Amino acid sequence: MVLKKKEIIAAALVVLIGTAGYLNWSYQDTIHVTDGESYIETGKKLGEAQYVNSVEEVEENSQTAAPENTKADNQETSNNESGAVVETTVDTGGYFEQAKIDKENSRAKSLEILNQTAENVNFDEEIRKKAGEQILNTASNVEKETEIESIAQSKGYSEICAYVDENGVNIMVRKEGFANEDVVKLTDIATAELGISAKDVKIIEVR
């Protein structure tokens, strides 16, 4: 009975872990990712995480749904004619540096749990296999992000940060005189590299 319960929790982990990094990085809210022994709590401060051991909290949060997307007060969202989602946000200082740190931290925490899951012989073989596949997907996404950023930089977008997951890509960019044609160029780069549709591209103009 105990083993079955742990397998259920682990199954929920494998499903949630694929989006854990994205949620940690994109939402200024709190989510819990369980691994059957502990959970990672991500708080209001992006990139901040800590391990908390609690059997009761693990049970309570094993069925916790991902929070709805929340938009900061300094952000505006619209749909561009290219089909991509476009947001604007105000840089209050060190935006791109912090974005990259947050991305690396969230990925590191996600991979830590995935590796623990993949190596834990107490988990079902199928669950361990899925965790291993997610590790490979994460590595692939990092390569795609680097490629998108490199191509964009070669076209004059020196300040840019991309985040790729199974839902699409977020591209944060700052460029003087940023206009619709820039959205189209970045959308074309992303769709060509990832083989996705424009609606799965979110471009955040940092002002």
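Keep in mind that this is a model prediction, so the values were computed, not measured.

**Looking at the overall build of the protein**
When you go through the protein residue by residue, the secondary structure sums to five helices and eight strands. Counting from the amino terminus, the protein carries its helices and strands in the arrangement α-β-β-β-α-β-β-α-α-β-β-α-β. In the protein, buried positions account for 43% of the 207 residues. Sequence-distant contacts, at least 24 apart, represent 57% of the contacts inside the protein between residues at least 6 apart. About 11200 Å² of surface is accessible on the protein, with carbon and sulfur atoms providing 47% of the total.

**With respect to the packing of helix α3 (residues 95-119) against helix α4 (residues 125-154)**
Orientation of α3 relative to α4, taken along the N-to-C sense of each, is 155 degrees, at an axis distance of 7 Å. Our classification of the angle between α3 and α4 gives roughly antiparallel. As for how α3 packs across α4, the hand of that crossing is left-handed. For the pair formed by α3 and α4, the contact residues are Lys103, Arg107, Leu111, Leu114, Asn115, Thr117, Ala118 and Glu119 on the first element and Ile127, Arg128, Ala131, Gly132, Gln134, Ile135, Thr138, Asn141, Val142, Glu145 and Glu149 on the second. Among the residues forming the contact of α3 with α4, the class breakdown is seven nonpolar, six polar and six charged.

**Some details on the packing of α4 against helix α5 (residues 180-194)**
One way to put it is that α4 packs onto α5 with a least axis distance of 10 Å and a crossing angle of 145 degrees. Crossing geometry of α4 relative to α5 is assigned as right-handed. Touching Lys144, Glu147, Ile148, Ile151 and Ala152 of α4 are Leu186, Ile189, Ala190, Glu193 and Leu194, all from α5. Each residue belonging to the contact of α4 with α5 can be placed in one class, and the counts come to seven nonpolar, no polar and three charged.

**Description of the confidence of the model for the protein**
Overall, the predicted model of the protein reaches an average pLDDT of 74, with 61% of residues at or above 70. Mean pLDDT across the elements of the protein ranges from a minimum in strand β3 (residues 49-52), with 30, to a maximum in α5, with 97. Residue range residues 22-73 is modelled with pLDDT below 50. Its contacts to residues more than four positions away, or to other chains, number 105 contacts.

**Side note on the side chain of glutamate 149**
Tracing the chain through its elements places glutamate 149 in helix α4. The residues touching glutamate 149, leaving out its near neighbours within four places in the chain, are Lys103, Ile160, Cys161 and Ala162.

**A look at the pattern of salt bridges**
Per the counting criterion, the structure on display carries 10 salt bridges. Ionic pairing is found between glutamate 145 and lysine 103, a salt bridge with its closest N-O pair at 3.4 Å. With a gap of 42 residues between them, glutamate 145 in helix α4 and lysine 103 in helix α3 connect regions that are remote in the sequence. Each member of the pair, glutamate 145 as well as lysine 103, is classed as buried. Salt bridges sharing partners connect three or more residues here, namely Lys103, Arg107, Glu145 and Glu149.

**Concerning the packing of aromatic side chains**
All chains considered together, the criterion is met by one aromatic pair. Consider the rings of tyrosine 95 and phenylalanine 96, whose centres lie 5.4 Å apart with planes at 75 degrees: the pair is edge-to-face. Neither residue differs from the other here; tyrosine 95 and phenylalanine 96 are each classed as buried.

**A look at α3**
With 25 residues, α3 extends 36 Å from end C-alpha to end C-alpha; this agrees with the ideal 36 Å at 1.5 Å per step. Restricting attention to buried positions, one finds in α3 the residues Tyr95, Phe96, Ala99, Asp102, Lys103, Ser106, Arg107, Ser110, Ile113, Leu114 and Thr117.

**Describing a negative patch on the surface**
A cluster of like negative charges, contributed by Asp124, Glu125, Glu126 and Glu133, occupies part of the molecular surface. With respect to the element layout, glutamate 125 can be found in helix α4. Note on glutamate 125: relative accessible area 67%, which makes it exposed.

**Some points on the side chain of aspartate 165**
Position of aspartate 165 relative to the elements: it lies in strand β6 (residues 159-165). Buried within the structure, aspartate 165 lacks any salt-bridge partner; arginine 107 is the closest side chain of opposite charge, at an N-O distance of 7.3 Å. A distance of 2.9 Å separates a polar atom in the side chain of aspartate 165 from the backbone nitrogen of asparagine 167.

Cut-offs applied
Residues numbered from 1 in each chain as written. Predicted model: local features only at pLDDT ≥ 70, side-chain atom pairs only at ≥ 80, totals over all residues. Heavy atoms only, no water. Helix = DSSP H or I, 4+ residues; strand = E, 2+ residues; numbered from the N terminus. Buried < 20%, exposed > 50% of the residue type's maximum accessible area, 1.4 Å probe, protein only. Contact = heavy atoms within 4.5 Å. Areas by Shrake-Rupley, 256 points an atom, 1.4 Å probe, with all protein chains shown as cover. Axes fitted to C-alpha atoms, helices over the stretch in contact; angles between N-to-C directions. Parallel < 35°, antiparallel > 145°, perpendicular 65-115°, else oblique. Left-handed = near helix turned anticlockwise from the far one by under 90°. Nonpolar A, V, L, I, M, F, W, Y, C, P; charged D, E, K, R; others polar. pLDDT = per-residue confidence, 0-100. Salt bridge = Lys/Arg side-chain N within 4 Å of Asp/Glu carboxyl O. Phe/Tyr/Trp six-rings, centres within 6.5 Å; stacked < 30°, edge-to-face > 60°. Expected span 1.5 Å × (residues − 1). Patch = residues over 30% accessible without salt bridge, like charges linked within 9 Å, V, L, I, M, F, W, Y side chains within 5 Å. Lys, Arg positive; Asp, Glu negative; His and termini not counted. Charge placed at Lys NZ, Arg CZ, Asp CG, Glu CD. Polar contact = N/O pair within 3.5 Å; in protein donor to acceptor, adjacent residues only side chain to side chain.

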